[in-house]
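Letter by letter, the chains look like this.
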Amino acid sequence: ATLTFNGGNIILKSGDHGIELDDGAVVINDGLIIIEAGDDGFDLGNSNITINGGIISIEADDNGIDVSESYSVTINDGHLSIYADEYNGIETGDLVITGGDITINTEYEEGIFAYGVIVIDGGNLMVYAEDYPAIAFGDYISINNVDDYEIMEFNDYYVLGFDGTTLNDFEFSPVDGEQKTNIDYLTIEYANKDKLHIPAEQINMLCRYRGSGQIK
């Protein structure tokens, strides 16, 4: 089965997974998706997820996006914000980023954990991990147009930096976790009391969203 999002506003609150799918695919082309989950935001198992656009905000007690180690997360465009309380922001087999604006904030685990490879060939990626490496991967990482980054070994995986890293506009630099774990957020509250948290340094991402329906 393939779950495709082409527009509209979707707000999901769950004490379990926000969206659960196995043996399929998720494709997000447009729309506003807000997920608050007591478990994983996207629990996709043996499925791939591709993000081509839209605005996605995930606040999860466990993983923000979780796919099995033989599958992948691909981000080509759009705005993705993840806050993961107890586990990884993104846990995946492979991760490919060619565009978009991605912000990941984790409390206790890696911001990004990939069992396989990570390929970053565009976009803006900001990862804040308080207690674990910001990015961990099993096989190799390819970051085009970036010359200065440090790779270390940690718990049998390779990692980029500790205590939070910033990869933005193709400039990678480890930063002091004390400076990045307490960051300022702009909170947008919708009419039904749902909230979207955006780092203050990313307020340029805000824009008016108008769906395909008629204005009432």
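Just so it is clear, the structure is predicted and the values come from calculations on it, not from any experiment. (Residues numbered from 1 in each chain as written. Predicted model: local features only at pLDDT ≥ 70, side-chain atom pairs only at ≥ 80, totals over all residues. Heavy atoms only, no water.)

Turning to the overall build of the protein, a few remarks are in order. The number of helices and strands found in the protein is one helix and 23 strands. Sorting the 216 residues of the protein into buried and exposed places 48% on the buried side. Put simply, of all contacts in the protein between residues at least 6 apart along the chain, 38% involve residues at least 24 apart. Carbon and sulfur atoms provide 41% of the accessible area of the protein, an area that totals close to 10,300 Å². (Helix = DSSP H or I, 4+ residues; strand = E, 2+ residues; numbered from the N terminus. Buried < 20%, exposed > 50% of the residue type's maximum accessible area, 1.4 Å probe, protein only. Contact = heavy atoms within 4.5 Å. Areas by Shrake-Rupley, 256 points an atom, 1.4 Å probe, with all protein chains shown as cover.)

What follows covers a negative patch on the surface. A contiguous patch of negative charge, built from Asp-16, Glu-20, Asp-22 and Asp-23, is present on the exposed surface. When you line up the elements, Glu-20 lands in strand β2 (residues 19–20). Relative accessible area serves as the criterion here: at 57%, Glu-20 is assigned to the exposed category. (Patch = residues over 30% accessible without salt bridge, like charges linked within 9 Å, V, L, I, M, F, W, Y side chains within 5 Å. Salt bridge = Lys/Arg side-chain N within 4 Å of Asp/Glu carboxyl O. Lys, Arg positive; Asp, Glu negative; His and termini not counted. Charge placed at Lys NZ, Arg CZ, Asp CG, Glu CD.)

Along strand β3 (residues 24–37), 10 of the 14 residues are buried, which leaves the element largely enclosed by surrounding structure. Where strand β1 (residues 2–14) lies against β3, 11 bridges are found, and the strand directions are parallel. Residue pairing across strands places Ser-14 opposite Ala-37, the latter belonging to β3. Inspection of the sheet shows β3 paired to strand β5 (residues 47–51) by five bridges, in the parallel sense. Opposite Val-26, over in β5, you have Ile-49 as the bridge partner. With six bridges connecting them, β3 and strand β6 (residues 55–60) associate as parallel partners. Across the sheet, Ile-33 pairs through a bridge with Ile-56, a residue of β6. (Pairing = 2+ DSSP bridges.)

What follows covers the environment of Ala-25. The residue Ala-25 is located in strand β3 in this model. Along the chain, Ala-25 and Asn-46 lie 21 residues apart, while their C-alpha atoms are 8.5 Å from each other. Excluding anything up to four places from it in sequence, Ala-25 contacts Ala-1, Thr-2, Leu-3, Ser-47 and Asn-48.

Right, let's get into the nonpolar core. The tendency in soluble globular proteins is for nonpolar side chains to be buried as a group. In this structure, Ile-28, Phe-42, Ile-49, Ile-65, Leu-80 and Ile-118 are the most contacted members of the largest nonpolar core, which totals 37 residues. If you tally residues by element for this core, the top one is β3, at five residues. Setting aside chain neighbours within four positions, we find Ile-28 in contact with Phe-5, Ile-33, Phe-42, Ile-49, Thr-50, Ile-51, Asn-52, Gly-53 and Ile-56. (Core = buried A, V, L, I, M, F, W, Y, C linked by side-chain atoms within 4.5 Å.)

Phi is positive for Asp-23, which is not a glycine, with a value near 60°. Take Asp-23: it is sitting in the loop between β2 and β3. Overall, Asp-23 belongs to the exposed group, its relative accessible area being 53%.

Attention shifts here to the confidence of the model for the protein. Parts of the model with low pLDDT should not have their predicted coordinates read in detail. For the protein, per-residue confidence averages 77 on the pLDDT scale, and residues scoring 70 or more make up 66% of the total. Mean pLDDT across the secondary structure elements of the protein bottoms out at strand β21 (residues 171–174), with 32, and peaks at β5, with 97. Across residues 145–150, confidence stays below pLDDT 50; counting only partners more than four residues off in sequence or on other chains, it has 13 contacts. Counting contacts from residues 160–183, a segment whose pLDDT is below 50, to residues more than four positions away or on other chains yields 74 contacts. (pLDDT = per-residue confidence, 0-100.)

Here the focus is the environment of Tyr-128. Among the secondary structure elements, Tyr-128 is positioned in strand β15 (residues 124–129). On the basis of relative accessible area, Tyr-128 is assigned to the buried category, the value being 2%. Sequence separation between Tyr-128 and Ile-104 is 24 residues, and the spatial gap between their C-alpha atoms is 6.2 Å.

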